[in-house]
Amino acid sequence: MRWNYLPVFERHLTPPHYTPDALLLGTDTVARRYRQALNAAATAPHPQTV
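Residues numbered from 1 in each chain as written. Predicted model: local features only at pLDDT ≥ 70, side-chain atom pairs only at ≥ 80, totals over all residues. Heavy atoms only, no water.

Looking only at helices and strands, the protein has two helices and zero strands in total. In terms of overall size, the protein is more extended than a compact globule, its C-alpha atoms giving a radius of gyration of 18 Å where 50 residues would be expected to give roughly 10 Å. Structurally, the protein occupies a C-alpha span of about 50 × 40 × 15 Å along its principal axes. Looking at the protein as a whole, 2% of its 50 residues are labelled buried. With an accessible surface of roughly 5,200 Å², the protein has 62% of that area assigned to carbon and sulfur atoms. (Helix = DSSP H or I, 4+ residues; strand = E, 2+ residues; numbered from the N terminus. Rg over C-alpha atoms; globule rule 2.2 N^0.38 Å. Buried < 20%, exposed > 50% of the residue type's maximum accessible area, 1.4 Å probe, protein only. Areas by Shrake-Rupley, 256 points an atom, 1.4 Å probe, with all protein chains shown as cover.)

Quick look at the structure:
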């Protein structure tokens, strides 16, 4: 994409669905969301293989 098309492209993007308060410390942080996602993936039942 050419750099001069970027402002037009940005106008069509939706706002972010999640904006963290912080990177590492706090209740609503990027690190906490990644950890929760990893824990959810680790505890999810694995599909049976035949």
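A cluster of nonpolar side chains, namely Leu-6, Phe-9 and Leu-13, defines an oily patch on the protein surface of about 270 Å² accessible area. Relative to the helices and strands, Leu-6 is located in helix H1 (residues 6-11). On the accessibility criterion, Leu-6 (37% relative accessible area) is partly exposed. (Patch = residues over 30% accessible without salt bridge, like charges linked within 9 Å, V, L, I, M, F, W, Y side chains within 5 Å. Salt bridge = Lys/Arg side-chain N within 4 Å of Asp/Glu carboxyl O.)

Turning to helix H2 (residues 30-43), a few remarks are in order. The end-to-end C-alpha distance of H2 is 20 Å, a good match for the 20 Å that 14 residues give at a rise of 1.5 Å each. Measuring from the backbone nitrogen of Arg-32 back to the side-chain oxygen at the start of H2 gives 3.2 Å, which picks out Thr-29 as the cap. (Expected span 1.5 Å × (residues − 1). Polar contact = N/O pair within 3.5 Å; in protein donor to acceptor, adjacent residues only side chain to side chain.)

Among the secondary structure elements, Thr-29 is positioned in the loop between H1 and H2. According to the relative accessible area criterion, Thr-29 is buried, its value standing at 2%. In terms of polar contacts, Thr-29 uses its side chain to reach the backbone amide nitrogen of Arg-32, at 3.2 Å. Leaving out residues up to four positions away in the same chain, Thr-29 has contacts with Tyr-18, Pro-20, Ala-22, Leu-23 and Leu-24. (Contact = heavy atoms within 4.5 Å.)

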